[in-house]
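What the coordinates show
Each chain, letter by letter, is given below.
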4 protein chains.
Amino acid sequence: MTVSIEEIKKHNTKKDCWVIIHGKVYNVSDFIDEHPGGSAIILKYAGKDATKAFDPVHPGDTLIKYLAPKYHLGDAEKSTAPKKKNDEYDDDEDEPPTPEELDRRQLVKNKPDLSQMYNLNDFEFVARHTMEKTAWAYYSSGCDDEITLRENHVSYQRIFFKPRVLVDVSEIDLSTTMLGTKVSIPIYITATALGKLGHPDGEKVLTRSAAKQDVIQMIPTLASCSFDEIVDQAIDKQTQWLQLYVNKDRKICESIVRHAQKRGIKGLFITVDAPQLGRREKDMRSKKVEDLSHVQGDDDEADRTQGAARAISSFIDTSLNWKDIKWFRSITKMPIILKGIQTVEDSLLAIEHGVDGIVLSNHGGRQLEFSKPPLEVLIELMPILKSKGLQDKLEIYIDGGVRRATDVLKAICLGAKGVGLGRPFLYAMSTYGDEGVYKAIQILKDEMIMNMRLLGVTSIDQLNDSYIDTRNFQTRYLPEDRLFGSVYEPLVSPTFKSSKL
Amino acid sequence: MTVSIEEIKKHNTKKDCWVIIHGKVYNVSDFIDEHPGGSAIILKYAGKDATKAFDPVHPGDTLIKYLAPKYHLGDAEKSTAPKKKNDEYDDDEDEPPTPEELDRRQLVKNKPDLSQMYNLNDFEFVARHTMEKTAWAYYSSGCDDEITLRENHVSYQRIFFKPRVLVDVSEIDLSTTMLGTKVSIPIYITATALGKLGHPDGEKVLTRSAAKQDVIQMIPTLASCSFDEIVDQAIDKQTQWLQLYVNKDRKICESIVRHAQKRGIKGLFITVDAPQLGRREKDMRSKKVEDLSHVQGDDDEADRTQGAARAISSFIDTSLNWKDIKWFRSITKMPIILKGIQTVEDSLLAIEHGVDGIVLSNHGGRQLEFSKPPLEVLIELMPILKSKGLQDKLEIYIDGGVRRATDVLKAICLGAKGVGLGRPFLYAMSTYGDEGVYKAIQILKDEMIMNMRLLGVTSIDQLNDSYIDTRNFQTRYLPEDRLFGSVYEPLVSPTFKSSKL
Amino acid sequence: MTVSIEEIKKHNTKKDCWVIIHGKVYNVSDFIDEHPGGSAIILKYAGKDATKAFDPVHPGDTLIKYLAPKYHLGDAEKSTAPKKKNDEYDDDEDEPPTPEELDRRQLVKNKPDLSQMYNLNDFEFVARHTMEKTAWAYYSSGCDDEITLRENHVSYQRIFFKPRVLVDVSEIDLSTTMLGTKVSIPIYITATALGKLGHPDGEKVLTRSAAKQDVIQMIPTLASCSFDEIVDQAIDKQTQWLQLYVNKDRKICESIVRHAQKRGIKGLFITVDAPQLGRREKDMRSKKVEDLSHVQGDDDEADRTQGAARAISSFIDTSLNWKDIKWFRSITKMPIILKGIQTVEDSLLAIEHGVDGIVLSNHGGRQLEFSKPPLEVLIELMPILKSKGLQDKLEIYIDGGVRRATDVLKAICLGAKGVGLGRPFLYAMSTYGDEGVYKAIQILKDEMIMNMRLLGVTSIDQLNDSYIDTRNFQTRYLPEDRLFGSVYEPLVSPTFKSSKL
Amino acid sequence: MTVSIEEIKKHNTKKDCWVIIHGKVYNVSDFIDEHPGGSAIILKYAGKDATKAFDPVHPGDTLIKYLAPKYHLGDAEKSTAPKKKNDEYDDDEDEPPTPEELDRRQLVKNKPDLSQMYNLNDFEFVARHTMEKTAWAYYSSGCDDEITLRENHVSYQRIFFKPRVLVDVSEIDLSTTMLGTKVSIPIYITATALGKLGHPDGEKVLTRSAAKQDVIQMIPTLASCSFDEIVDQAIDKQTQWLQLYVNKDRKICESIVRHAQKRGIKGLFITVDAPQLGRREKDMRSKKVEDLSHVQGDDDEADRTQGAARAISSFIDTSLNWKDIKWFRSITKMPIILKGIQTVEDSLLAIEHGVDGIVLSNHGGRQLEFSKPPLEVLIELMPILKSKGLQDKLEIYIDGGVRRATDVLKAICLGAKGVGLGRPFLYAMSTYGDEGVYKAIQILKDEMIMNMRLLGVTSIDQLNDSYIDTRNFQTRYLPEDRLFGSVYEPLVSPTFKSSKL
């Protein structure tokens with residue numbers, strides 16, 4: 001059945017609410033109050049096409065899963081309105097874009113060739129200037145003053161190398177093993193939410209690139225694509241892991257875990273650093289009040305403005321604790337890894353509770369501001385594990401702030417089994433799609449080979465702490481505070497009577 | 001009786017001086033030489049309306065208290081002059097505003113919605129651009145190069161957290177007790193002078209917001225509102241404290257203290273870091289020579305330019321010393337707290353003299369430049385108190401530079417009982433009034449809940465130094481010197497013959 | 001006799017060279033080859049008025065002393081040429097001033113009132129914008145990258161205070177004693193060369209202000225005024241010291257010293273850090289090739305461009321060594337102080353050689369780049385002297401980088417007897433003359449009184465190292481390198497195809 | 001025989017390819033596939049004049065050595081086309097220069113006089129603005145984020161001096177001995193590749209200046225001039241050293257070494273830090289895709305864009321190791337020095353393998369990012385050598401980041417025998433040719449004499465670690481990261497409704 005645009009437009013109230021999604025018309029009147037993201041965001045599109053807002057935050061099977069067939073009203077009439085002549089405007093836009101948005105679209109058209117990307121920072125630079133404002137803000141933001149966000153990277157620069165010379169480095173082998181899987185380089189694509197904000201194919205782009213480059217992808221709970229879409233995208237023998245936000249409803253949780261095991265997932269990464277998702281002010285600031293900020297949909301103002309992450313995370317169980325580990329063991333044979341360990345103390349507890357691994361991580365600087373950089377925790381942790389003979393009891397992963405092969409090498413020298421990268425691949429995906437992510441990993445591989453040669457090692461297992469100088473961590477310098485600093489009004493010198501001095 | 005404007009204008013000399021205040025005419029000729037703020041500032045308004053300059057520095061009952069009825073001459077004739085058409089001008093302005101002032105008024109009209117305030121720095125940003133120049137300068141300024149002012153905040157950023165995971169954090173309780181009063185969050189509104197510079201209701205705005213948010217307000221000696229006005233504004237059972245500048249005349253001092261106790265004040269905070277009020281060059285620089293700088297009123301040039309604070313503080317007793325504590329004990333049963341302790345040594349003396357608490361404070365960086373940040377004193381103090389078994393002998397408060405819930409958490413972890421904030425609430429009050437202050441406290445509460453969750457604690461009493469890493473304080477980095485740095489002329493490279501290089 | 005301008009103009013060659021100085025005509029043909037500053041600078045003014053270039057580098061009695069009466073030809077005809085209408089031009093200018101110079105003259109006319117000077121940096125700011133380019137460059141420059149110049153000041157900011165409260169600070173006494181002289185504040189005006197570059201009265205301005213403020217002036221060897229002019233300017237009982245560059249010709253040296261003692265000088269400060277005067281690139285860069293740079297006058301290019309200081313310092317004895325101290329003792333009873341001690345080792349040698357005092361100084365950052373800041377030497381020195389019981393064997397002075405009373409207080413707390421300031425008083429003199437220097441000292445006094453109150457001390461002898469925290473000196477941070485940093489070309493991100501990004 | 005331009009133009013394909021070099025026509029069709037730099041770069045010039053691209057990367061005897069006479073076709077017809085009127089264009093340019101290039105040519109015409117060069121940074125400043133873009137990029141670039149490049153210099157600024165006074169410094173002797181050669185100052189001109197990028201005479205400029213200033217030149221393997229051209233340029237008794245990249249083909253290697261010994265080379269410096277040449281992004285970014293980046297000529301995109309260095313370095317043996325030292329000993333009597341030692345461990349191995357010296361170097365920050373600054377390695381190395389009695393077993397040289405005589409003095413104080421400078425002399429050569437290099441060395445000599453005087457030493461052998469304070473190296477500060485920092489988007493304050501704030 002085809003429904004006319006005129007007809008659809010009439011159903012634009014909370015009690016009588018129709019929306020178009022991917023060309024189909026749905027009556028969501030009965031559902032609107034149960035929408036986990038709140039009613040406000042739906043109402044914004046009442047009587048209109050909601051596809052663009054719907055896609056990034058809902059996996060492809062959402063409507064089928066959650067909306068009974070009777071609410072599927074038919075196909076929306078195709079627009080017969082003449083295309084606007086100004087090709088700067090998207091067809092589905094109600095209002096003309098802002099000057100900033102027009103500038104952005106120009107930059108999209110003029111973006112550098114992929115061949116001009118020489119390092120992972122380059123993708124971030126292009127992403128910053130070409131991604132849609134809210135998408136960029138969601139990906140790039142950290143908590144509070146973003147000090148932790150930056151410290152994560154900066155901490156790597158506090159380590160210097162002690163390179164050895166006159167070693168035969170003709171052949172370099174980058175491969176290693178993670179949780180039993182052989183990989184081509186000791187990095188993996190870590191889980192990050194809402195992939196469709198950056199690319200229409202969402203997380204599937206990462207799946208395809210991971211396959212081509214022989215690295216592991218960790219599938220996020222909050223993916224834009226459904227779990228099965230992402231697993232289906234994988235080639236034979238491609239290894240994927242699952243990142244899990246633990247649902248308050250343990251039955252849902254159990255069904256997710258069992259399904260993942262059945263689909264061949266090789267590692268269960270339980271996120272432990274996010275009982276509540278952080279406030280990310282760059283994200284909040286990026287939106288107009290009436291925009292994505294309404295996703296949350298309730299009437300509390302504080303909540304209404306807290307961005308996409310909060311909207312989709314209300315299900316996370318704040319009561320998750322060490323006792324739950326046993327239960328997870330009982331429902332799966334997958335290796336269990338705790339993602340988000342931030343102290344030596346909790347690393348030791350993890351061993352005590354018999355998990356298979358930990359990820360030293362502060363969630364990319366998006367959760368607790370002033371959580372110590374994972375690299376610093378790693379530096380403290382390894383000597384303690386070694387002194388207790390526990391260094392082989394679990395595999396240690398690390399993420400946050402990694403941009404260069406030198407960063408990866410430093411973490412491996414310190415005892416990490418593998419290094420996760422998130423944002424850099426999102427930026428590569430958002431700017432150059434599959435080729436971008438492939439190239440980003442290739443850059444890391446090229447850098448790794450060169451730097452291992454220059455360091456005087458030929459395989460990953462040769463890397464150890466004799467190759468690095470970590471004395472910088474005995475003291476700490478002052479992190480850079482850009483917000484407080486920018487708000488402070490500096491002193492001035494006396495004013496000349498008629499002059500600009 | 002109504003007095004004509006024409007008549008008033010005639011009495012414009014020191015010997016024959018009339019002024020209008022709140023529509024009433026006063027003959028101040030006999031009083032002018034005794035004015036604590038000097039005669040110059042009165043003379044500036046001789047024959048004119050002085051209300052705007054009078055209000056912020058005089059509590060509402062000043063005229064009744066200090067000027068005999070015979071000097072109250074009657075009502076001033078209402079202005080019949082046609083309103084100026086240019087609505088940018090205030091009615092009572094003698095001269096057209098400066099371009100800077102016109103810009104400021106535009107900004108006032110365009111200020112962001114309150115909902116756009118995401119952190120306490122945001123209020124400062126809006127205040128900086130919308131407050132009247134002299135008011136902003138008085139609130140924001142610090143002493144000398146404002147290094148101490150900035151160190152107060154920056155010191156908090158030298159502490160990193162050691163957050164624990166897998167703790168059940170479903171329920172978070174922010175409440176605690178200060179000097180016996182249960183409060184909703186371990187912060188209080190500390191005393192700051194001249195509230196009417198920022199808002200016509202002055203300190204009463206803070207009283208009302210404190211009530212709504214269930215926090216304690218400390219009433220300043222140098223309030224724009226009278227003490228009783230502020231106490232009257234409080235609701236039943238609302239707790240208020242009193243900050244006391246000790247008057248040279250101990251009888252006045254005693255009467256203030258006894259009155260405060262009678263009115264139900266629950267804590268007497270004696271300021272000990274201000275035998276002389278500091279020079280604040282930003283404040284001094286902000287005024288035209290003939291403006292508020294004349295408040296002091298004497299002929300010494302150095303004094304004439306030292307701003308509002310000096311003008312109203314000449315009564316402070318420079319001889320106040322440890323022996324006086326006993327006397328205070330003899331006149332009141334209120335808990336006595338010393339505000340402005342800056343060393344371990346004086347903290348120990350405070351215990352010896354039996355006071356109930358101390359506030360580690362350097363007066364918000366407004367007194368002695370290079371006084372150590374209170375947080376650093378706290379870090380040194382607690383281990384010493386514990387080693388002597390004195391940690392429960394007094395309650396320790398701290399103020400200066402607090403902007404984020406993470407700052408509050410760090411101070412509590414180190415042993416502080418409560419944390420005072422001054423400027424942030426002044427900025428919130430000056431920009432958005434009652435709603436602003438309410439929102440500012442709400443932001444802190446929201447941040448506190450989230451950060452306690454992420455830190456893995458559920459109540460204030462669980463916080464201790466195992467959650468923080470203070471190694472940064474073993475050494476110190478170089479504070480930022482913006483004034484000296486800006487005056488220094490950098491070296492240049494050689495000049496090309498005809499080029500801008 | 002009056003000589004016509006036409007006539008004078010004819011004598012413009014090396015063999016036949018007349019010049020006008022202060023309206024008098026001199027034949028310098030026979031003298032030109034013996035001119036210590038070289039012939040080039042004289043030739044530049046051959047046949048012209050040389051007064052402006054002559055004054056700053058020659059004391060007033062130079063012509064009488066060194067040029068036989070027969071070379072004094074008479075008075076120069078007074079110019080009858082009509083004054084140029086453009087009052088921006090000086091009368092004696094041959095060519096129109098540069099745009100930069102015209103800008104400067106505008107700024108001179110619009111300079112802030114003296115009452116707007118709130119700290120010593122303010123004088124530097126005004127001086128930088130109003131002084132003649134070459135004069136500013138000579139006063140302000142340091143050696144090499146000017147890192148030492150800035151470290152001298154910045155080192156003070158590494159010390160924080162530990163202020164004591166509840167001390168009766170009603171009465172503050174700033175006075176102290178230096179080499180037996182009672183002074184009003186523990187600072188002195190240190191010796192700096194070429195005072196007439198900044199003010200027509202040169203060092204006499206400093207003499208007069210020193211008298212009014214009751215501080216000691218150290219008279220420089222390289223003064224623009226003659227030694228006797230400066231001593232004559234002093235009032236009865238005013239104390240002056242003499243700074244001495246030791247001449248290769250010890251007879252000249254002895255006659256200077258004996259004359260000084262006879263004139264009542266109370267201290268002989270022998271400069272030991274300048275066997276060769278430093279290269280100061282800001283100074284060198286400031287001049288046109290044909291300008292003051294020719295003062296040196298020889299044909300070696302490297303020397304020709306090394307500025308005023310080198311030109312007038314060729315007499316300094318590079319062979320001066322410890323053995324010479326005994327000889328100085330034999331020719332004078334004045335206290336002998338070594339100015340320019342930069343190590344603990346040399347401080348101990350100084351005691352061994354029985355001098356009366358030392359000035360810890362690196363010559364204001366004008367000699368050896370990376371000489372340690374004097375304050376750091378002082379911090380190291382005092383504990384060693386105390387451990388050897390030598391702390392009373394000599395008086396320790398310090399100079400370099402002092403701008404605030406807090407700086408002075410820190411040096412005194414560390415054991416310095418007095419603190420010398422040079423540039424700040426030059427800048428005050430160059431911008432506001434006598435009143436400027438008086439005000440600059442008054443600012444320091446006002447700051448001292450306030451800061452001693454806030455520190456909890458009432459007299460200079462109470463200051464000791466319990467009032468300061470010097471832990472910052474256990475490690476050192478990286479000094480700021482502006483030149484290398486500005487020459488380095490930063491990395492860039494990839495270029496968008498048609499955009500400014 | 002003369003070949004017409006028209007005829008040459010026809011041979012512009014891979015199978016039929018003629019090029020003009022220095023006015024002569026060559027048929028390179030048979031050779032094109034064997035070109036070590038790849039075929040792409042040749043094809044770019046097929047049928048055209050290739051001289052400008054050919055010269056910097058090929059020594060003068062290349063064509064004779066590698067191209068059989070039958071391919072030398074004759075002289076190219078001289079261009080009879082009228083000169084373009086716009087003298088901004090080079091004659092041989094196919095297309096008009098870019099605006100940036102035109103700006104640069106203007107700057108070349110207006111460059112400062114040589115007399116305005118006051119320090120070595122000045123040459124870099126002029127070079128940056130006047131050198132051709134790709135030449136500047138090749139010389140100036142470092143690896144990755146160029147942190148190592150800058151640390152090399154900045155590390156010198158972490159050392160402060162402890163200057164001694166009252167030493168007779170009338171006579172200063174800068175001379176010293178390196179590998180048995182007496183030199184006028186303890187510096188040498190280190191090997192750097194592709195001298196003709198900066199000057200048409202290439203390395204010969206450095207040879208001539210070295211002779212005039214009596215310093216040693218190290219001849220690079222990758223010189224633009226042939227080894228013999230450079231040796232022929234030397235005067236009698238002038239000492240030269242040879243830097244050697246070890247060729248995979250040891251016969252070629254042996255013939256180079258034996259020839260060098262025969263020609264009188266006095267030291268063989270084997271580069272050990274470059275099994276693979278580093279990626280230098282500034283260099284890569286500087287070129288258009290179709291430009292010098294094709295030198296590599298193969299089809300792998302990653303390789304195609306890696307700049308000149310990679311193109312000419314494919315012969316370097318990645319298998320070179322400690323066992324090879326013995327072989328070198330067997331083929332030459334020249335002293336053997338390992339250039340590029342970066343750790344204490346390898347320094348000790350070098351002694352064990354009996355070499356005559358080492359150069360502590362990280363290749364000017366062009367190879368492994370985060371290799372420790374050589375100065376820091378030197379600080380660690382010397383105490384260990386002394387404790388083992390090995391300090392005289394080999395001569396220690398150092399290079400990287402040296403710009404001032406104070407840098408040289410610090411290295412010598414720490415035990416270095418000599419200090420190598422590369423880039424500063426390249427910049428001096430590229431801007432002012434022979435006179436520039438002479439002046440640059442002269443500046444260092446002038447600075448050395450002055451600074452030794454001010455340090456209180458008169459000859460090089462007196463320098464030792466009692467003259468320096470190295471405590472800054474006990475901890476390390478955070479290096480400056482300009483790229484990551486510039487890509488990060490700072491937080492912003494809330495937006496006013498209609499304002500630019």
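Residues numbered from 1 in each chain as written. Chains lettered and ligands numbered in written order. Predicted model: local features only at pLDDT ≥ 70, side-chain atom pairs only at ≥ 80, totals over all residues.

Bringing the overall build of chain A into the picture now. Along chain A, the regular secondary structure elements total 20 helices and 16 strands. A compact globule built from 501 residues should have a C-alpha radius of gyration of about 23 Å, and chain A, at 24 Å, falls within 12% of that. The principal-axis extents of the C-alpha atoms in chain A amount to approximately 80 × 75 × 45 Å. Among the 501 residues that make up chain A, the fraction classed as buried is 53%. The contacts in chain A between residues at least 6 apart in sequence include a share of 73% that link residues at least 24 apart. (Helix = DSSP H or I, 4+ residues; strand = E, 2+ residues; numbered from the N terminus. Rg over C-alpha atoms; globule rule 2.2 N^0.38 Å. Buried ≥ 20, exposed ≤ 12 C-beta atoms within 10 Å, placed from the backbone. Contact = placed C-beta atoms within 7 Å.)

Relative to the assigned elements, D469 of chain A resides in strand 16 (residues 468-469). The class for D469 of chain A is partly exposed, based on 18 C-beta atoms found within 10 Å. On a C-alpha basis, the gap between D469 of chain A and K162 of chain A in space is 6.8 Å, while along the polypeptide they are 307 residues apart. Contact partners of D469 of chain A, with chain neighbours within four places excluded, come to I159, F160 and K162 of chain A together with K372 of chain D.

Okay, the domain arrangement of chain A next. Annotation of chain A at the domain level lists domain 1 (2-76), domain 2 (100-131) and domain 3 (134-476). Summarising the inter-unit geometry, the C-alpha centres of domain 1 of chain A and domain 2 of chain A are found 34 Å apart. (Domains from an automatic or database assignment.)

Before going further, it helps to examine the interface of chain B and chain C. Listed as interface residues are 47 residues of chain B and, on the opposing side, 49 residues of chain C. When residues of the side of chain B that touches chain C are traced back to their parent elements, those giving at least two are helix 12 (281-285), helix 13 (301-304), strand 12 (336-341), helix 16 (344-352) and helix 20 (482-487) of chain B. Grouping the amino acids of the side of chain B that touches chain C by side-chain chemistry returns 21 nonpolar, 13 polar and 13 charged. (Nonpolar A, V, L, I, M, F, W, Y, C, P; charged D, E, K, R; others polar.)

A few words on the packing of helix 6 (residues 120-130) of chain B against helix 19 (residues 423-455) of chain B. Helix-helix packing is characterised by the crossing angle of the two axes and by the distance between the axes. Residue and element names in this part refer to chain B. Contact geometry of helix 6 with helix 19 gives a least axis separation of 10 Å together with a crossing angle of 170°. Between helix 6 and helix 19, the interaxial angle falls into the category roughly antiparallel. Helix 19 is crossed by helix 6, and the crossing has right-handed handedness. The residues of helix 19 that touch helix 6, namely those facing L120, F123, E124, V126, A127 and T130, are P424, Y427, A428, S430, T431, G436, A440 and I443. Looking at side-chain class alone, the contact of helix 6 with helix 19 contains nine nonpolar, four polar and one charged residues. (Axes fitted to C-alpha atoms, helices over the stretch in contact; angles between N-to-C directions. Parallel < 35°, antiparallel > 145°, perpendicular 65-115°, else oblique. Left-handed = near helix turned anticlockwise from the far one by under 90°.)

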